[in-house]
Amino acid sequence: MSNKKSVSQQLAAQRAAKRAKMAKRATSKKTALRTVQQMPVKQNRLLLVKDPSRPTEQELINSQIKLYMYLSLLVSQHDLHCIRYFTLMLATVRAMNLIQPNPQRIAWADKAEQEMESSISCQQRRTHFNALKALVADFAESLPHTSKTFISECDNHAIAVLSLHIIGDMLKLPDWVFNSFGKVCAGRKALKTIAAEYQVTEATLKDAILSMANSLYVLYYCADFGHIEEPGTISALRRQSKIFMRFLNETKNTARAQVNKIIAFNKLFGVTLIDMDVIDRYARRQTVAM
């Protein structure tokens, strides 16, 4: 028999060789693209950390005073404002760690988080917050030598991520909470009447409404802090009903804005405090809804 290949076999071999060559070229392009994409991310991180901007003397004094003032208050008593302040600080520290790793700070942050979680039941407060004290001292000491832009970028990213967590917790509430919120704020009906309408007890309705109001307060208090009263009671909520209804109506736009900030941060620096799969799914849903 002749070993000579038929014309069809020769053509098939040529096509296979061509496909293999194209596949090799595509792989090379992907590798080169990944390298090109990774370089700006690394450069952006370096530029951010090395940015020459520094806090002004007054900004430095204000920041350090606030750090130690809240720490002193929290050591003396459990205080929600202090817990919120340091929750944001810990998130900012974690964001900074993604760009400029600092294992010691993260170790302190992990322990400080545990200290804050047990703050409400703590009896020996003076010795309870050792990790938080160490972290505050280290952070305050580093401020004069840290890029102002670096701190600002990480702080904004931390706020965006925490905001989405708050909105996520709100979305877990039953539909009747959202439906009854406006009626409770309006104050035209008694709580008992509204509770009966949604077939829940008055106490259940009150707890759910105040829980949602508190979430809205925490979500927006950075923007309106000093202008609104924390809604610890239904009366306090009703006194500010227009503000809280505006907050509720703005929540969807707020979520969209924070998602965009997270995407931008991740695009610039290649890191984020939140799972990007969650962000991508949310972004796709918004695109479909538009």
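Residues numbered from 1 in each chain as written. Predicted model: local features only at pLDDT ≥ 70, side-chain atom pairs only at ≥ 80, totals over all residues. Heavy atoms only, no water.

### Some details on the layout of surface pockets
Put simply, the largest pocket is a space of about 870 Å³. Lining the largest pocket we find 31 residues, and of these T87, L88, L162, I166 and V218 sit closest to its centre. Of all the secondary structure elements, the ones that give two or more residues to the lining of the largest pocket are α3 (80-99), α4 (103-117), α6 (148-171), α9 (202-224) and α11 (241-269). For the lining of the largest pocket, the residue count by class is 18 nonpolar, eight polar and five charged. The volume enclosed by the second largest pocket comes to roughly 750 Å³. Along the wall of the second largest pocket there are 23 residues; nearest its centre are S63, K66, Y85, L88 and D155. Of all the secondary structure elements, the ones that give two or more residues to the lining of the second largest pocket are α2 (57-76), α3, α6 and α9. (1 Å grid on protein atoms, 1.4 Å probe; cavity = no way out; pocket = protein on both sides within 12 Å on 5 of 7 lines; lining within 4 Å. Points joined across faces, edges and corners; volume = space filled by probe spheres on them. Helix = DSSP H or I, 4+ residues; strand = E, 2+ residues; numbered from the N terminus. Nonpolar A, V, L, I, M, F, W, Y, C, P; charged D, E, K, R; others polar.)

### Some thoughts on the side chain of S180
Its place among the elements puts S180 in helix α7 (residues 175-186). Side-chain polar atoms of S180 contact the backbone oxygen of W176, separated by 2.8 Å. (Polar contact = N/O pair within 3.5 Å; in protein donor to acceptor, adjacent residues only side chain to side chain.)

### What about the packing of α2 against α3?
Taken N-terminus to C-terminus, the directions of α2 and α3 make an angle of 130°; their axes are 9 Å apart at the nearest point. In this view, α2 runs oblique relative to α3, as classed from their interaxial angle. The crossing of α2 and α3 is left-handed. Contacts from S63, K66, L67, Y70, L71, L73 and L74 in α2 reach H81, C82, I83, Y85, F86 and M89 in α3. (Axes fitted to C-alpha atoms, helices over the stretch in contact; angles between N-to-C directions. Parallel < 35°, antiparallel > 145°, perpendicular 65-115°, else oblique. Left-handed = near helix turned anticlockwise from the far one by under 90°. Contact = heavy atoms within 4.5 Å.)

### Considering unusual backbone geometry
Even without a glycine there, the phi angle at Q199 is positive, about 55°. If you trace the backbone, Q199 turns up in the loop between α8 (191-197) and α9. With a relative accessible area of 74%, Q199 lands in the exposed category. (Buried < 20%, exposed > 50% of the residue type's maximum accessible area, 1.4 Å probe, protein only.)

### Some details on the packing of α3 against α6
Running from N to C, α3 and α6 point in directions that differ by 120°, and their axes come no closer than 8 Å. Classified by the angle between their axes, α3 and α6 sit oblique to one another. Between α3 and α6 lies a crossing of right-handed hand. For the pair α3 and α6, the contacting residues are T87, L88, A91, T92, A95, M96 and I99 in the first and F150, I151, C154, D155, H157, A158, I159 and L162 in the second.

### Quick word on the environment of A255
Relative to the helices and strands, A255 is located in helix α11. Each residue touching A255, except ones within four places of it in the same chain, is listed here: L164, I167 and Y282.

These results come straight from atomic positions and should not be treated as a statement about function.
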